[in-house]
Amino acid sequence: MNCRRTKEYLWEFSKNLLPSDLRIEINHHLELCGKCRFFLDSMALVDEELERFGEIIPSSNFDQKLNAGLDELQRQRDSQLSIGHKVVKS
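Residues numbered from 1 in each chain as written. Predicted model: local features only at pLDDT ≥ 70, side-chain atom pairs only at ≥ 80, totals over all residues. Heavy atoms only, no water.

J.: What am I meant to see in the state of the cysteines here?
T.: Two cysteines form a disulfide when their sulfur atoms are joined by a covalent bond. Going through the model one piece at a time under the given rule, you end up with zero disulfides. Cys 3 takes part in no disulfide bond, and the closest cysteine sulfur, belonging to Cys 33, lies 3.6 Å away. For Cys 36, which is in no disulfide, the shortest distance to another cysteine sulfur is to Cys 3 and amounts to 3.7 Å. On the basis of relative accessible area, Cys 36 is assigned to the buried category, the value being 0%. (Disulfide = S-S within 2.5 Å. Buried < 20%, exposed > 50% of the residue type's maximum accessible area, 1.4 Å probe, protein only.)

J.: Help me out: how do you make sense of unusual backbone geometry in this one?
T.: Among all residues save glycine, negative phi is the norm, and among peptide bonds the norm is trans. Even without a glycine there, the phi angle at Asn 16 is positive, about 60 degrees. Exposure remark for Asn 16: the relative accessible area of 53% places this residue in the exposed category.

J.: Any chance you could explain helix 3 (residues 34-53) here in plain terms?
T.: Think of an α-helix as turning once every 3.6 residues; residues three or four places apart then point the same way. The end-to-end C-alpha separation of helix 3 is 30 Å, in line with the 28 Å expected for 20 residues at 1.5 Å each. Each element contacted by the buried residues of helix 3 is listed here: helix 1 (3-14) and helix 2 (20-32). (Helix = DSSP H or I, 4+ residues; strand = E, 2+ residues; numbered from the N terminus. Expected span 1.5 Å × (residues − 1). Contact = heavy atoms within 4.5 Å.)

J.: Got a minute to help me understand the packing of helix 1 against helix 3 in this structure?
T.: Relative orientation and spacing of two packed helices are given, respectively, by the angle between their axes and the distance between those axes. Direction vectors running N to C along helix 1 and helix 3 enclose 30 degrees, while the axes themselves pass 10 Å from each other. The angle between the axes of helix 1 and helix 3 places the two elements in the roughly parallel class. Where helix 1 crosses over helix 3, the two elements pack in a sense that is right-handed. In this structure, helix 1 contributes Cys 3, Thr 6, Lys 7, Leu 10, Trp 11, Phe 13 and Ser 14 to the contact, and helix 3 contributes Cys 36, Phe 39, Leu 40, Met 43 and Asp 47. Split by residue class, the contact of helix 1 with helix 3 holds eight nonpolar, two polar and two charged. (Axes fitted to C-alpha atoms, helices over the stretch in contact; angles between N-to-C directions. Parallel < 35°, antiparallel > 145°, perpendicular 65-115°, else oblique. Left-handed = near helix turned anticlockwise from the far one by under 90°. Nonpolar A, V, L, I, M, F, W, Y, C, P; charged D, E, K, R; others polar.)

J.: So what exactly am I meant to see when it comes to the nonpolar core here?
T.: Among the nonpolar cores identified, the biggest contains ten residues, and these are Leu 10, Phe 13, Leu 18, Leu 22, Ile 26, Leu 30, Cys 33, Cys 36, Leu 40 and Met 43. At the level of secondary structure, the elements contributing two or more residues to this core comprise helix 1, helix 2 and helix 3. Apart from residues no more than four positions distant in its own chain, Cys 36 is found in contact with Cys 3, Thr 6, Lys 7, Leu 10, His 29 and Leu 30. (Core = buried A, V, L, I, M, F, W, Y, C linked by side-chain atoms within 4.5 Å.)

Written out as structure tokens, the structure reads:
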């Protein structure tokens, strides 16, 4: 088990959602790797802080605002790609 692979599974590890064999591997890696232990501890702190927020109820038109924002980002991206494509063609 290496750091990259360990970090891929840390959220599931912290929530006890992994099969026991994978949990054992990750636990062994965490015993040896201070950086990954620190990363796991940091994740736990973030989770604790997020839990303090409680349930957030979105506004009734949240989905419309979200979709409008995503559409605008897509238009900007398409515009930038189009400009970049024209520059390359010249």
